[in-house]
Amino acid sequence: MSALTEKDIVEAVRSGRHEGQTEMVGRYAQRIFAMIVKQVPDVMDAQELTQDTLMRAFSHIDSYDPQRSSLSTWLCRIAYRLTLDFLKRNSPLIVPLEDTGVGQKDISDEELETELSTGREERIEQLMQMVDDLPADERMLLTLYYFEDRSLTEIAYIMGVEAGVLANRLYRTRKKLYKKLKDEERTI
């Protein structure tokens with residue numbers, strides 16, 4: 001791996017030097033692809049979105065602000081927006097019918113974590129299928145938080161929302177998964 005720092009890479013891309021683009025692709029393309037492919041089922045589409053992300057980064061490198069985020073987080077923000085746009089264009093309109101939660105006992109974060117993080121293989125497969133069925137923004141939130149191990153602050157920047165709002169959305173998404181698990185257990 002090259003000894004170039006993020007600052008060196010950004011400066012090289014800004015000045016149009018080929019090694020900056022090469023280093024950015026080499027260092028970040030796989031990570032971007034891994035994030036996108038969890039959202040987009042077709043590998044070719046995910047590869048194209050990865051290329052689009054990098055091309056957009058090259059052409060908008062002047063808008064990158066190292067005071068707001070790392071280069072990796074900035075690239076993920078671009079990938080997130082392109083992926084959501086792609087999914088909106090290529091997915092049928094699905095209107096989720098959320099229950100209002102009236103009359104339901106609220107679930108603590110600890111209960112959710114215990115129930116959703118059990119290591120049983122069949123539970124993991126069940127959860128993965130449920131995550132695949134979630135709306136794109138909820139899938140992306142879970143991907144960034146659990147699979148990429150990003151902080152809520154980073155995810156808030158990537159998704160363009162406040163961290164407090166995001167924490168609430170994460171809780172509601174986890175609660176939705178918990179409820180689906182419980183509903184499936186009752187039908188078995």
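This one's a predicted model, so the numbers in the text were calculated from it and none came from an experiment.

Help me out: how do you make sense of unusual backbone geometry in this one?
Negative phi characterises most residues that are not glycine, and trans characterises most peptide bonds. We note that Asp 149 has phi near 55°; this positive angle belongs to a residue other than glycine. By the secondary structure assignment, Asp 149 is in the loop between helix H7 (136-147) and helix H8 (152-159).

Even after reading the chapter, I still don't get H8, so can you show me in this structure?
A turn of α-helix holds 3.6 residues, and therefore any two residues three or four places apart point the same way. What H8 keeps buried is the set Ile 155, Ala 156, Tyr 157, Ile 158 and Met 159. Considering only its buried residues, H8 is in contact with helix H4 (71-90), H7 and helix H9 (163-187). The first or second residue beyond H8 is Gly 160, which carries a positive phi of 70°.

Whenever I open this one, the side chain of Arg 150 confuses me. Can you help?
With respect to the helices and strands, Arg 150 occurs in the loop between H7 and H8. There is a polar contact of 3.2 Å between the side chain of Arg 150 and the side chain of Glu 154. If we skip the residues at most four places from it in the chain, Arg 150 touches Arg 31, Ser 72, Thr 73, Cys 76, Leu 144, Tyr 145, Ile 155 and Ile 158.

Would you mind going over the side chain of Thr 73 with me for this structure?
In this structure, Thr 73 sits in helix H4. By relative accessible area, which is 2% here, Thr 73 ends up buried. Engagement of the side chain of Thr 73 in a polar contact is seen with the side chain of Ser 70, the distance being 3.0 Å. If we skip the residues at most four places from it in the chain, Thr 73 touches Arg 150, Glu 154, Tyr 157 and Ile 158.

What is the right way to look at the pattern of salt bridges in this model?
Two side chains bearing opposite charge may form a pair once their charged atoms approach each other closely. As enumerated under the stated definition, the model contains eight salt bridges in all. Here Arg 27 makes a salt bridge to Glu 23, at a shortest N to O gap of 2.9 Å. Pair noted here: Arg 27 and Glu 23 are both in helix H2 (residues 18-37), with a separation of four residues, about one helical turn. Under the relative-accessibility criterion, Arg 27 is labelled partly exposed at 22%.

Here is what the cut-offs are and how they apply
- Residues numbered from 1 in each chain as written.
- Predicted model: local features only at pLDDT ≥ 70, side-chain atom pairs only at ≥ 80, totals over all residues.
- Heavy atoms only, no water.
- Helix = DSSP H or I, 4+ residues; strand = E, 2+ residues; numbered from the N terminus.
- Buried < 20%, exposed > 50% of the residue type's maximum accessible area, 1.4 Å probe, protein only.
- Contact = heavy atoms within 4.5 Å.
- Polar contact = N/O pair within 3.5 Å; in protein donor to acceptor, adjacent residues only side chain to side chain.
- Salt bridge = Lys/Arg side-chain N within 4 Å of Asp/Glu carboxyl O.

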